[in-house]
Every structure is written in C-alpha cells, then in structure tokens.
Amino acid sequence: MIEVLEPLPEATDGELFTLNLRSSLAHQWFLFQNYPERAGVLDSLLDGESNLAQFFGDYTALDRLEGLANTLLHAHSGLASSQLLAARVSAARHLFLQAKQQLSRAEVLGANPQEVLRLQLSIQQALGVDLEKVLAQRETQVKQNQTAENLIPLGALLADLGRYEAAQEVYLEALSSSVGLSPLGPAWACFQLGYLWGELQAEPDLEQAAYWYEHAVNYLPGYTHAAVHLAEIHLEKSEYSDAHRLLLSVLQSGDPEVRWRLSELWAAQGDQTAATAEIEIATAMYEDLLSRHELAFADHAAEFYLGGGLNPERALQLSLNNLNNRATKRAYALAHEAAQATGQQEVVAKLSRDAMAKWGVGYD
Amino acid sequence: MSDHIDGPRTTADPTIDLTDLFAFTKPADPTRLVLIADVFPFAGETGVFSNAANYSIIVRRVKVAGLGINAKFESYGDQIRFNFQFDTLKPTELSGVNPKSQSGSCTLPTGEVVPLVVGDEQGSYSKDRSIRVFAGVRSDPFYIGWLLNNMKSVPNYLQDDNVMGLVVELNIDQFLPLSQGSVFGVVAETSPRKRGPESLAVPRYDWVGRPEQTNFIMNVVPDSVDLRDLWNQQTPFQSLPPELAPLFQKRLRDSFELWDKRDGEVNWDPAALNAHINVRLDDFLVFDVSKPITNDSLLEIEKSTIAGKPYTTGGGRTIDANSIDILVTYLINRDQGKFYQSMATQATQPGLTTFPYLAPPNKKMLQVSHQVELLAKPAQVWSLVGQFDSAWSPLIASIRVTGSGVGQLREIETVDGKTIVERLESLDAMKQTLTYSMVSGIPAKPYNGKIQVVPSDSGCLVIWTVDYRPSGQGELIVRLIIQSLLERSLKALQEKFGQAK
C-alpha cells in the first residue's frame, strides 16, 4: 500500500517558479557585477546556482560558482564570507579536502558558527564520517528549526544508515511542514521519498517510488533527477511513451543521464542506431563534465560506464578516484562492481577486504 | 527595506513577499485614487506572479478615535477588497522574447472580475471604466540609503532593482463616497488561494500597511527573536490576539527606545512613545482623500494625531515619497531636530504621472568584449579601424555610408547576405576611440559598440566592446552572433598586422 500524504502542500506552479528563479538569478549576477558590496547577493547567487544544478541538472552552474569563488578568493581572501562561499562551492564539486581547509579559514575569520556547522555536517555526511555524531547534530538542528532544509538532510542521513522507516517519517514531516509557496522543498521531499522506495530499500517498491517521483515532477517539471528516475520506472514497465515524454521534458538540462536513459528507451524499442547515437552523446557529455569537475561526477560516470557506456576500465578508474575522495559504503560497492566488471581479481579482493575492515560489509 | 524580505515564508517564494504599498490621489485628477502594492524583491526582468496566491489591496474606513497620548485610529465598516489572481503561463500569439504570457484577473469590490494580461501597460478597465488595473514587472520605486548598524549614509541600496507591481485606479466618489467620511486605511496582503480545512496553508503569507513595520521597526532589536513571520500572519484591521499583543507591544517599545537613543538625546517622552506604539499596532496606511497627498505627507496624519493636533495633509504615500528618511527622522528625533537625509534621494526611476504610475522595469545590459595585441604602431592600426566607412572586417562584403560626421549611417552587407545598419556616435582621433550604435540587423536593442586603439609595449591593443540587450532572440544566440563578429574581425587584424607574443 502506498504511504501517502494528503493533501500535499500548495505551491506555485513549477514553470512560473522556474521562470522567476532564473529571472532573479540573472539580476543577482547583474548586481554582483555592478554592486558587489550589496548584502545578500553572494548567498542568493550560491543558492540560485545550486538550485539550478540540483533540480534542473544545469551543471554549468558549477562552472559559474567556481568562477565566483575564484574571484572572491582573489579579491577578498581575508573575508570569512569569501572562504565560506568557496568552501560551499568546493563541497558542491566534491573537493572535500579543499572545502574543509576553506571552512577552517572561514571559521578563524569569524564566519557564522551555524553556517560553518551546517557545511561541516554536509561534508561529514558526504564522506561518511562520524555519521552517528552527525545524526545527533542534525536532530538538534531539526528541533531548533523544523524546515525542509534541516529535515531532508536528516532523512537522507537516516536513509544512509539504513533506517528507512525513520527516513520516510522525516521526509513526510518535511513535506507537511513546508512553508510559503516555493515548490522546491516539497519537490525535494517527494524526490527523496521516491529514491528511498525505488533505489535504497532492499526490496524496491516501484509503485510507491513512481508515486513520489510523479509528485516531484508535478511540483517542478524540470526536476531532472526525478524525471529520469520516473522514466526508468516507466521503461521497466514498458511504458515507452511516458518514459519518452519525461526524458524529452528534461533533454535540455545538461545531465548526460537523460541521454543514457534515452538510449535505453530506443534500445528497448529496437532502434539500435538511435540508441548508439544517444550513448555517444552521453559519453561526450560525461567526459566534458569530468574534464571540469571530475570528482563531482566520478560516481555517476562510473555507473554509466558500467552500464550503457560499456567501458568498465574507465568505470574502475573513476570509481577508484571517487573512493579515494570519499570512502563511503556506496563508493566501495561501486568500485568493487567496476573491478569485477574488468576482471581484475586482485583489485576485487583488496576492495572486499577494505570494505569489510571499514564498513563491515562483504560482497557476494 | 520597506517590507522586502521580511520572513522565511516569503523568501522561499518571493512572489508572495510584499515590498511596498502606496496610496495617493491621481496627480492630474484628485477625484481618482491610486492604490499600488509591490511584491517580489529583485524580480529581474521576466518575473511573473504566483498562481497559488491571492494578492489583495484592502481599504477600510478609518476614524481618528483619540488624540495626543490617546492617539488611535479605528477602522470600521466593510472591507473594500481588490483581489488579484494569476494563471499559469499560456502560449501567446505575440512573437518575441517570451513565447508564453501570464494572464490574471482583479476581482473588484462589486464582484466584477476584470481580466488582465501581465505586463500590459494599458491595463484593463472595469465594464463602466471607473476602475483601471495593472499587474507586471516595474522598476522598484523604493529607495533607501542607510546602513542600519551604524546609520552610515550610502547611495540607493536598491538601485536597478525591479519588483512586480499591482495597480488599481478608481473613482473615489463611486467606491469611497465622501459623504460617509474621507479618511481611510489601506493594507495589502498575500494569502493562499486555496483555503479550507483540507488545506495545510496558513491564513496569510505577508501583509503591509505603513512602510517598515517589520524590517526597520520589528527587526532591529539585537539578540531578539525574529517576530516578522508571526506578525505577517496576523489579521489586518483586527485587534491582535490577547496572548500576542504584549509580545508585539514590547518589541515596538524596545525598538522605538533604541531609535530614540540613536542621536544621544531623548525626544520621545514615555506618553508619546506609548501613543506611537498604540498607533503602530493598528498597522494600516492612513490617508484622507479630501486633502493633498504629496511626497511629504507620508505619516503626517499619524504624527499630528500623536502630537495632539489636527492633521493638515492627506497622509498616504506617493511613489516618490522619501519614506525611509521621513520615518527615520521621526523615529530618532520626532521631527524636533535635523532631517536625516541619506545619500539616496530618489529611486532608480521616479514614478510616472500617468497610469500605471510605476516606471518600466530596469533592464540590464550585456557585454561582449575582445582585444588583440598587434605588432604595429597605434596610428597605423587606427588609420584603418578608425574609419567608419572602412570594410576591414572579413565579414563585410560591402559598405555604403550615408551622411557625414557623427550621426552618419553605414549600411553593411555581410558576406552571408545580411544587412546591418549602424550609426556613428563619436569619433575621437586623440583617444583613438570610435563609438557607434546599431540601428538594425542584429537582434539586440540597444546595441552600442566601442573600438579603441591603445599603445602597448610591442605595438598596440585593439579593444572592441559591445554593450547590448538581446531583443527578439535568446541571450545565447545574440551573444554568439556578436562574439563571432568580434573574434573573426580581430583575428583578421592579427593576420594583417601580426600578433604580439
């Protein structure tokens, strides 16, 4: 039975919201260029561009943020705000060591302790470090301020720890405690619920996952990850026209996974030529992203090369880079899978030993 | 800032964040009243309204119920509500930058629903043409020149910003008959469009009466809880709930006392301070349509009433009123000392004298700039690129000039068969600088180019800059057109004169 929340919170239509987001963001860039001292501009730029990357798969946002961070570090490296922004950008690009160094400098320079803690927790969570401590701090944050921005990372952490029921409760709480009319919070919570049911549970419930992905896309039609995951479910059920409609809706996003899934769609319908063409495009897009932000896309690209990309050697290389950057359970599993795909038994054995030592998990 | 960014609920979706409220009689016809509410700070150039919110301007009759230390304004009678609602985007027949447009409506106090198209400067009329309404992106009329922490004066902090404006112009006699009184209060509010027991929504997202009730007044007490979101959910024209009234009273007292101390003197005696608190707790903008509403009349009705004397103006708030400096002066010295004039003396654009009264949106200019360093003397290069009729770019197939001197036109036939017409704006041989504007041929307007030759160690630099705003095509396409033009042309100069290492 599908766990539902009715009614879902009201929100501004996703297309209207997106238009406003882009309009306001363009203005914030104008302000940064012309009135760089304006309070709030840097935060608005960071939030706006991060939203473009997270929700709309617009990874050129990372290029712009990298440029912004470099500009600030060049001109005002002695300001806490510059170091903090640079740390947030580094973390978004999965340059965690660099992010930690910048965050330390920001702290010394007097950055807001709450903002420092927020980013510290995100980095620790991404690295899979001290997760129980992170959990306690995230729960404290939620008690102090029950917002989607606090609740959803808590849910994600609970999911990382395998506490799926608790994670679901927290996501539902995030959904029902949504304030205002922004569709971002509700869409994000719905996506996380879909991901929980579709990707994380030992026995996925695709019906439940589709229900939540559908809501995420309804809130925000350009929500690329949600559209792609929902398309995958339709594809699995041979509902090709639905999958096609969804993938086309986010084709311009810049996320190569859209092309990868489109290739699977063509292949499932017997059009191997079109499928190959899409794989070639996806490969070029992944390599382009890797050339600019390798660590941010190493795991996704590794998954691609293990799948439709048909290049296990490249997958292994990327997954090991990813593992070297953050030795999470998932990173071990991915590298192990890649090593197996290449037939490099020594690497397989070493990864198995290391994963058992660090996480107590074994691979069959 | 007046009411900009005053709580988490409104910043999550800024289209429900009310920024300002204005009420004034039409400059050329005092029998008509203009009411304006603005939302969406930093709206950019292509903002739209939420389809899930009500945007309301509400007028109610008001009477002066007490003077001096008993100063009070009491609202009474029916609420006269103008309620705007907006749709999702729909395809439009208008070609151009936005392939879709937003429609909406304004429901009048009579129940008539007046349809409107967002951004249509002509606005829409009620059936009997007594009411005219507008909604769309406009230049932010608010201006502020104080940094609150240290009262440092700075230029307008909202320069070049846009907001979404909602405008209602009406016949006073028809909707607010003077026979029943001439004093009114007005508020604007944003609230959920869908309501009821099945809805999770709060009753209201934001509301605004007098300027700065939330930011400059409620949010300036150090180390205090942010009450703005709680305030925004209270019901205008109603008494505060008994359990909350003391909380807001204390916050106003703390705030007013801090303001009073800013000049090192005490200008507010306890009784006057109490009266001010009581007036402010009833937060609506007071205006009297029988008296002149001018740029200086903001808060005059409240001030005079607290001072225990009859007011002399129509109060209200005009678009160009120096709201912040008027307010700050009153808060600091109760108008008994200097006027606190900041460096901000007007908004980016002043208000218009005619409908829709809010100035058009500010547009940003984009820029493409390229430069090359050449192994040639500046004069040698200038003798080529400084000639307005010289076809030195390989993209030019032919060039024909009409007229002479500044103002002359050149008609360029490009190698790919397009025609571009450009006007010479200036030619400075001493500074080796030529500026021109594009009249037609490239999808941008305005489009201003500058070519400059500057001496360098190894020869000279040619710097070519184009400031433009895309028109009729997307940003990326226009940028590519201009980039290609500059790059290929300057590359030809490199080939001709040699490139510096």
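Keep in mind it's a predicted model, so treat the numbers as computed, not measured.

About the thresholds
Residues numbered from 1 in each chain as written. Chains lettered and ligands numbered in written order. Predicted model: local features only at pLDDT ≥ 70, side-chain atom pairs only at ≥ 80, totals over all residues. Heavy atoms only, no water. Helix = DSSP H or I, 4+ residues; strand = E, 2+ residues; numbered from the N terminus. Buried < 20%, exposed > 50% of the residue type's maximum accessible area, 1.4 Å probe, protein only. Contact = heavy atoms within 4.5 Å. Areas by Shrake-Rupley, 256 points an atom, 1.4 Å probe, with all protein chains shown as cover. Lys, Arg positive; Asp, Glu negative; His and termini not counted. Charge placed at Lys NZ, Arg CZ, Asp CG, Glu CD. Pairing = 2+ DSSP bridges. Buried area = accessible area lost by both parts, 1.4 Å probe. Salt bridge = Lys/Arg side-chain N within 4 Å of Asp/Glu carboxyl O. Polar contact = N/O pair within 3.5 Å; in protein donor to acceptor, adjacent residues only side chain to side chain.

Caption draft 1: Quick look at the overall build of chain B. Helix and strand content of chain B: 10 helices and 21 strands. Projecting the C-alpha coordinates of chain B onto the three principal axes gives extents of approximately 85 × 55 × 45 Å. Going through the 501 residues of chain B one by one, you find that 55% of them count as buried. Across chain B, every contact between residues at least 6 apart in sequence was considered, and the portion connecting residues at least 24 apart equals 62%. Approximately 21,000 Å² of chain B is accessible, and the part contributed by carbon and sulfur atoms is 52%. Side-chain charges of chain B comprise 49 positive and 57 negative groups, with the mean position of each set lying 2 Å from the other.

Caption draft 2: Looking closely at the pairing of strand β19 (residues 433-440) of chain B. All names here are of chain B. In terms of residue burial, β19 counts as a mostly covered element, since six of its eight residues are buried. Sheet topology places strand β18 (residues 419-428) next to β19; seven bridges connect them, and they run antiparallel. Paired with Ser 426 across the strands is Thr 435, a residue of β19. Adjacent in sequence and paired antiparallel, β18 and β19 are bridged by four residues, among which Gln 432 carries a positive phi angle near 50°. Both β19 and strand β20 (residues 444-456) contribute to a ladder of five bridges, which runs antiparallel.

Caption draft 3: Representation of the interface of chain A and chain B within the structure. Between chain A and chain B, the contact holds 28 residues from the first and 34 residues from the second. Of the roughly 2,600 Å² buried where chain A meets chain B, counting both sides, 59% is carbon and sulfur surface. Of all residues in chain A, Leu 16, Arg 38 and Leu 181 of chain A give up the largest surface area on contact with chain B, accounting jointly for 22% of the area buried on that side. The tally of links from chain A across to chain B stands at two salt bridges. Of the charged contacts in the structure, one is a salt bridge between Asp 161 of chain B and Arg 38 of chain A, with a shortest N-O distance of 3.1 Å. The interface formed by chain A and chain B holds 15 residue pairs in polar contact (both at pLDDT 80 or more) in total. Broken down by element, the residue count for the side of chain A that touches chain B peaks at 12 residues, all from helix α1 (residues 14-34) of chain A.

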